[in-house]
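Fold and contact review
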Amino acid sequence: MQEIDIRIAPEDFEDINLLKRDLAKAAGLHAAKIKHYRITKRSIDGRFRPPMLMVRALITEGDALPDIPRELDDLPDVSNAQEVHIIGAGPAGYFAALECIKQGLRPIVIERGKDVQTRRRDLKAIQQDGIVNPHSNYCFGEGGAGTYSDGKLYTRSGKRGSIDTILRILSECGAHPDILIDAHPHIGSNKLPGIIATLRSKMVDHGGQVLFDSFVSDIMFEGTSPRRISGIEINGKDRIAVEHVILATGHSARDIFTLLKEKNVFIEPKPFALGVRIEHSQSFVDLCQYGVTPRGPYLPAASYALNTKTGNRGVFSFCMCPGGLIVPAATAPGEIVVNGMSLSRRDSPYANSGVVSSVEIEDMASYQNHGPMMGVKFQQEVEQRMFEAGDGSQAAPAQRLTDFLLKKKSSDLPQSSYIPGLFSAPVHELLPSWIYDRLAFGIKGFDHKMYGYVDPEAVVVATESRTSSPVRIPRDPETKMHVQIEGLFPCGEGAGYAGGILSAAMDGRNTAIAVKNFISTK
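Now for a look at the structure at hand. (Residues numbered from 1 in each chain as written. Predicted model: local features only at pLDDT ≥ 70, side-chain atom pairs only at ≥ 80, totals over all residues. Heavy atoms only, no water.)

Turning our attention to the packing of helix α3 (residues 91–102) against helix α5 (residues 164–172). The contact between α3 and α5 brings their axes to 12 Å, and the two run at 95 degrees. Compared by their axis directions, α3 and α5 come out roughly perpendicular. Here Phe95, Leu98 and Lys102 of α3 lie close against α5, whose contacting residues are Thr165, Ile166, Ile169 and Leu170. Among the residues forming the contact of α3 with α5, the class breakdown is 5 nonpolar, 1 polar and 1 charged. (Axes fitted to C-alpha atoms, helices over the stretch in contact; angles between N-to-C directions. Helix = DSSP H or I, 4+ residues; strand = E, 2+ residues; numbered from the N terminus. Parallel < 35°, antiparallel > 145°, perpendicular 65-115°, else oblique. Contact = heavy atoms within 4.5 Å. Nonpolar A, V, L, I, M, F, W, Y, C, P; charged D, E, K, R; others polar.)

Looking at the element boundaries, Ala183 is found in the loop between α5 and α6 (192–205). Ala183 sits 244 residues away from Val427 along the chain, and the two C-alpha atoms are 35 Å apart. Not counting residues within four places of it along the chain, the set of residues in contact with Ala183 comprises Lys41, Arg42, Ser43 and Tyr154.

Let us now look at the layout of surface pockets. Its volume calculated, the second largest pocket comes out at about 580 Å³. Ile39, Thr40, Ile68, Leu180 and Ile181 are the residues nearest the centre of the second largest pocket, which is lined by 22 residues in total. Within the residue set of the lining of the second largest pocket, elements represented by two or more residues are β2 (36–45) and α5. The element that contributes the greatest number of residues to the lining of the second largest pocket is β2, accounting for 4 residues. Per-class residue counts for the lining of the second largest pocket are 13 nonpolar, 2 polar and 7 charged. (1 Å grid on protein atoms, 1.4 Å probe; cavity = no way out; pocket = protein on both sides within 12 Å on 5 of 7 lines; lining within 4 Å. Points joined across faces, edges and corners; volume = space filled by probe spheres on them.)

Pairing within the open sheet is antiparallel, and its 3 strands lie in the order β1-β3-β2. Of all strands in the sheet, those with a lone pairing partner are β1 (2–8) and β2, marking the two edges. Along the sheet, successive strands turn relative to each other by an average axial angle of 20 degrees, direction set aside. Judged from the 9 bridges that link them, β2 and strand β3 (residues 52–60) form a sheet pairing that is antiparallel. (Pairing = 2+ DSSP bridges.)

What follows concerns the pairing of strand β5 (residues 106–110). For a regular strand, side-chain orientation follows a simple rule: the groups alternate between the two sheet faces. With 5 of 5 residues buried, β5 lies mostly within the body of the structure. Side chains Arg106, Ile108 and Ile110 of β5 all project onto a buried face; the interleaved residues Pro107 and Val109 project onto the opposite face, where all are buried too. With 5 bridges connecting them, strand β4 (residues 83–87) and β5 associate as parallel partners. Opposite Ile87, over in β5, you have Ile110 as the bridge partner. (Buried < 20%, exposed > 50% of the residue type's maximum accessible area, 1.4 Å probe, protein only.)

Shape descriptors only; they carry no functional weight alone.
Here you go:
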């Protein structure tokens, strides 16, 4: 068995004979000698015109290649096992639940929102009618924020372990096997609901439980040294005795942060990022990245990743959605929040990306009186200012990118993918001045890196504010348990320990293992 790296034209990759020819040539073999091969990695090399694919493969002249490991075939039945309560059915919560089953524990997932299919009605309501359900929206509900926000599956962090297990589980639940080989795997918001429903079925079939429309309205504790979690209240009435709780509520669960603060559970402010979402035509991004437009049928919609610094603060693109849509991501009435998503085909004529500035604790000095909630308060004020500039709907304030840099309200706006609609507004004035100054500096720098980025047909839409949690719920790095509360295991994005689907899923798995270790030592 050999591992081979080749560079191949995208159209040749689709032809088995040409692919085997190039693999054989790289291995110094005749093509007929290759009996079995498997692609293990694929990425686009845009340095070439036209772009090429970088491909890694395993080949063998004789024996078959080893099978790809299966993750969900031999799960035990945990119907009568020790219970672990998991608050939140996003990637952290669901992958924690799966790992609990593997560890012989019974997960009970408590989700404030609705199941992934029923949740669609509330997304339609916010898109078309401007009605925000605070428990079921683009952030809350089965699958979490990632379900209807693109489904990108890559992470820059390797400190949590290998991502391969997560990708294999998603593939076994219905994701296209390409996610196992692509450098930047993507599922798409049209495919994720079915995959998440399958993942839930796997849990339930092996003894787990998921409770929807179950908002955690109170948390009870007992003892003093140590202080222990002892119960949770659901929907203001039903109380459940608990011993071990994985808290995986996501980055927008402000009411949970408030509840913890009121219960004297130690939380602390955390840096995050805030800015706008910028939309270009996809054909422009293709031309910049590939040197051609229209792109060929074997090239995916091109993306970009840009960053720069102003002083010691970063300005960077975030959650770039090629061939995507801008969607409303508010979690309460009276605020405007936008996010991006793509369907699996990424065939929208638009490309959008968050463009944000880092927000450090020192930047929020005027919010110090809010203690650990200072970042939440800052976010809320910006989001509410955007809403107040409008007509009471989910229409978002917007500005042509060139006018944004000139500090000039746009006389008209280009077409956009944002369904609730845009209205012309002085976004440069609605943003905090120091945020605007950093964004303007960064965008001008982007134009040097990606010539033509400052396009008069590009539009700035406000505001991109839910990049990550503005609060951290501290935990011991070894036990993963809260530094004060026995039995409470903060996890995922909401606790400040992840930044996307993959990192949240990995953190969920690791936290479930930590819960098992804690139970085993009691």
